[in-house]
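# Residue-level structure breakdown
Next come the chains, spelled out residue by residue.
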Amino acid sequence: MNESLLLYGLGGAALAAALPRLKSRLELSLAKHPSLRGHAKMSRRMARFVPFYEYDDHECFRSDGAPEEVVAQRRAGFERLVELYRSRYPETLRRTREVEGMISDLQFTRAYRVPFQYSSFVRRHLGVGAFVQSSSGVQVTDLDGNAFYDLTGSYGVNAFGYDFYKECIDRGAARVHALGPVLGSYHPVVAYNATRLREISGLDEVSFHMSGTEAVMQAVRLARYHTRRSHLVRFCGAYHGWWGDVQPGVGNPTPAHETYTLKDMDGDALRVLRTRKDIACVLVNPLQGMHPNANAPSDSTLVDSGRSAGFDRAAYTEWLKKVRAVCTERGIVLIFDEVFVGFRLAPGGAQEYFGIKADMVTYGKTLGGGLPVGVLCGRKELMKRFRDDHPADICFARGTFNSHPYVMATMCEFLERLQTPELRRLYENLDQTWNDRADRLNQRLAAEGLPVKVANMSTVWTVSYTTPSRYNWMLQFYLRAEGIALSWVGTGRFIFSLDYQEADFLAVADRIVAAAQAMKRDGFWWADAALTNKAIKRRVLREMIATLLGRRKSRPGGDPSGDGVTRPDGLDKLAA
Ligand SMILES: Cc1ncc(COP(=O)(O)O)c(C=O)c1O
């Protein structure tokens, strides 16, 4: 009897001790987004099981079960595009083909331009040129002399127009010419940059790095050092560079054990921040306001028409206020990662735009005035890299090229110009201008009966598709044919520079409408009642399972080239 009492007692005590841990574990689970994106470890594991298979010529245009006349229409449209690319971009494509085998980045981006089932077929026939020779105004020109309206935004660097950055680089280089590439010591422009960045960020200290990724690494390292806590929190889908700890899921070969990926804009995430004791910092990429909990949109994942975006500034501001409050309450370092949005939404960055003060802010991209950079600004007590009372307990961060004179000089040019009335004018009614442009384009697209819709956060746009389709990714090729330059993520991201004038915008809008009309004419948006997004996903899943079970070849047969592409007659001639 006494023994059983003792056992019960011990069991009860063990349960009581385990309960808080169980509760905290449960809270963490609830705070994860239900998608695979929200479960980094699982998504990494699952990614290994996604089997490769691809469509041959026969399947490529009928993967949605379209009737034969539509398939023929698509094939003819595709062949027209191939011919157009071949005749219009010969030199650019020739040079691209020459280097493709040597440049790994190029191989990656060209493989991931469209969903993998179509990828080798498309890249064999519709190569996208990697070279441009010049830029002017809002256009770039390829090696064949074709001018394109630039919607790549150079990954967000180009906020004020390429001519602006050319001037920053020319004048900056002249400014530091006498010093040259002397590293370690500073050119006096560094003092100006630090002073201005303190004013802009409202924070005490500044450190200079070579990329946004590094600035984020340093912010997190310092937050861990000063809080003596292990974990960083990032919100589901948010990009913060390619360092392992901020990219815990697919793309990183090793697991990130000290990262929590929590639901964006959700009370469950706040509960975790309020209750866990191991959280050093929260990283916020304000661009996620456009698509909370979703990855940066890329056409390679446009399997169906499920992609959606929409920015609610008021709701996102409210959310950020709540995050700020809980971080303050719990001594968690709030880091705004403004590498992308800094200087694009407002001269004072996202802090100014949302009216919220962070403990640390990272900048990069455009701040370099056209040269590579990463910057971290932070509160004094968080930026310190050593402890007065323990001299060996340091938080190390160096970098050979930090504060490179040329980069510091172009940054100085950038920051000086940011104060000029000419630049300030670009921010006047910025949101209103770009919201209005997006609205007008959407009205035109709807009036034309085109299943295309744009959403925007100021000058950053995402395209979504309003009827179910497996071929939305084709729009990027029609857009290029209309003279629009897109980055490798295709229609996932249009990045306008703030200096786009109304006439330029109208020209781009005309081209977007023309591209969508051509794509519609060519039958790529055919749909019958059975073609729903769900049905498309089910079909893809069935194909994957069949591949896993060996019932479907991962590479179609009858393809002597071994690249999975059996060329249709017309395309064979074109490829010759
Ligand atoms: C929000 C954000 N953080 C960090 C980075 C990484 O910057 P970088 O590419 O300069 O390393 C990026 C790059 O796109 C970014 O958008």
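Below is a short write-up of the structure. Remember, it's a predicted structure, so these values are computed and weren't measured experimentally.

### A look at the site of the ligand
In the vicinity of the ligand, the residues found are Ser211, Gly212, Thr213, Tyr239, His240, Gly241, Asn285, Asp337, Val339, Phe340 and Lys365. Side-chain polar atom of Thr213 to an oxygen atom of the ligand: 2.6 Å apart, as the coordinates give it. At 2.7 Å, a side-chain N or O of Lys365 approaches an oxygen atom of the ligand. Starting from 390 Å² of accessible surface for the ligand in isolation, the protein chains cover 83%. Tallied by class, the residues present in the shell around the ligand amount to three nonpolar, six polar and two charged.

### Description of the sheet that holds strand S8 (residues 333-337)
Pairing in this open sheet of seven strands is mixed, and the strands run S4-S10-S9-S8-S7-S5-S6 from one edge to the other. Pairing within the sheet leaves two strands with one partner each, and these edge strands are strand S4 (205-209) and strand S6 (259-262). Recorded for the sheet is a direction-independent mean angle of 20° between the axes of neighbouring strands.

### Concerning the sheet that holds strand S14 (residues 460-465)
On the basis of which strands lie adjacent, the open sheet formed by three strands has the order S13-S14-S16 and antiparallel pairing. Both outer strands of the open sheet, strand S13 (452-457) and strand S16 (494-495), are each paired with one neighbouring strand and no more. Here two bridges tie S14 to S16, and the two strands are oriented antiparallel to one another. Looking at the pairing, Trp461 lines up with Phe494 of S16. Contacts from helix H17 (residues 430-447) reach S13 and S14 within the one sheet, and its direction differs from that of S13 by about 175°.

### Some remarks on unusual backbone geometry
Phi at Asn293 is positive, roughly 70°, even though this residue is not glycine. Relative to the elements of secondary structure, Asn293 occurs in the loop between strand S7 (279-284) and helix H12 (313-330). For Asn293, a relative accessible area of 9% translates into the label buried. Here Ser458, not a glycine, exhibits a phi torsion of approximately 55°, which is positive. Secondary-structure assignment places Ser458 in the loop between S13 and S14. The class for Ser458 is buried, based on a relative accessible area of 1%.

### Digging into H17
Compared with an ideal rise of 1.5 Å per residue, which puts 18 residues at 26 Å, H17 spans 26 Å between its outermost C-alpha atoms and is within 8% of the ideal. Leu430, Asp431, Trp434, Arg437, Ala438, Leu441, Asn442 and Leu445 are the residues of H17 that are buried. The arc that holds the buried residues of H17, viewed along the axis, is 135°, so those residues lie on one side. Relative to its buried face, H17 has exposed residues pointing more than 90 degrees away, namely Gln432, Gln443, Ala446 and Ala447. Residues of H17 that are buried sit in contact with H12, helix H13 (349-354), helix H16 (421-427), S13, S14 and helix H19 (502-521). Phi for Gly449, located one or two positions after H17, is positive at around 70°.

### Digging into the environment of Asp163
Its place among the elements puts Asp163 in helix H8 (residues 162-176). Along the sequence, Asp163 and Pro20 sit 143 residues apart, while their C-alpha atoms lie 59 Å from each other. The residues touching Asp163, leaving out its near neighbours within four places in the chain, are Ser135, Ser136 and Gly137. At a separation of 3.0 Å, a polar atom in the side chain of Asp163 contacts the main-chain amide nitrogen of Gly137.

### With respect to the packing of aromatic side chains
Taken as a whole, this structure holds 37 aromatic pairs when the rule is applied. Considering the side-chain rings of Phe61 and Phe121, the 5.7 Å spacing of their centres and the 85° angle between planes classify their relative orientation as edge-to-face. Of this pair, Phe61 sits in the loop between helix H3 (57-60) and helix H4 (68-88) while Phe121 sits in helix H7 (residues 116-125), placing them 60 residues apart in sequence. You can call Phe121 buried: its relative accessible area is 1%. Considering the side-chain rings of Phe343 and Tyr363, the 5.3 Å spacing of their centres and the 40° angle between planes classify their relative orientation as tilted.

Definitions and cut-offs
Along each chain, residue indices are assigned from 1 in the same order as the chain's sequence is written. The predicted origin of the model limits local features to residues at a pLDDT of at least 70 and limits the giving and counting of side-chain atom pairs to 80 or more, whereas totals for whole chains, interfaces and linings rest on all residues. Processing note: side-chain calculations cover all non-hydrogen atoms of the structure and skip hydrogens and water entirely. In this text, near means that some heavy atom of the residue lies within 4 Å of the molecule or strand in question. Pairs of N or O atoms within 3.5 Å make up the polar contacts considered here, provided that, within protein, one atom can donate a hydrogen while the other can accept it, and that residues adjacent in sequence are counted only when both atoms are side-chain atoms. Accessibility throughout is a Shrake-Rupley quantity obtained with a 1.4 Å probe, and a residue counts as covered only by protein chains that appear here. Only Asp, Glu, Lys and Arg are considered charged, only Ala, Val, Leu, Ile, Met, Phe, Trp, Tyr, Cys and Pro nonpolar, and every remaining residue, Gly among them, polar. Strand pairing is assigned whenever DSSP detects at least two bridges linking the two strands. Secondary structure elements follow DSSP: runs of H or I no shorter than four residues count as helices, runs of E no shorter than two count as strands, and numbering proceeds from the N terminus. Here an angle of 0 to 180 degrees is reported between the N-to-C directions of two axes, which are lines fitted to C-alpha atoms, with helices fitted over the stretch in contact. Any two residues having at least one pair of non-hydrogen atoms within 4.5 Å are treated as being in contact. For every residue, the accessible area obtained with a 1.4 Å probe (protein chains only) is divided by the maximum for its type, and the residue is called buried under 20%, exposed over 50%, and partly exposed between those limits. A helix is expected to span 1.5 Å multiplied by its residue count minus one. The directions from the helix axis to the C-beta atoms are what the arc is built from. Note on ring pairs: Phe, Tyr and Trp rings are taken, using the six-membered ring of Trp, and paired if centres are within 6.5 Å. Classes follow the plane angle, with under 30 degrees stacked, over 60 edge-to-face and the rest tilted.

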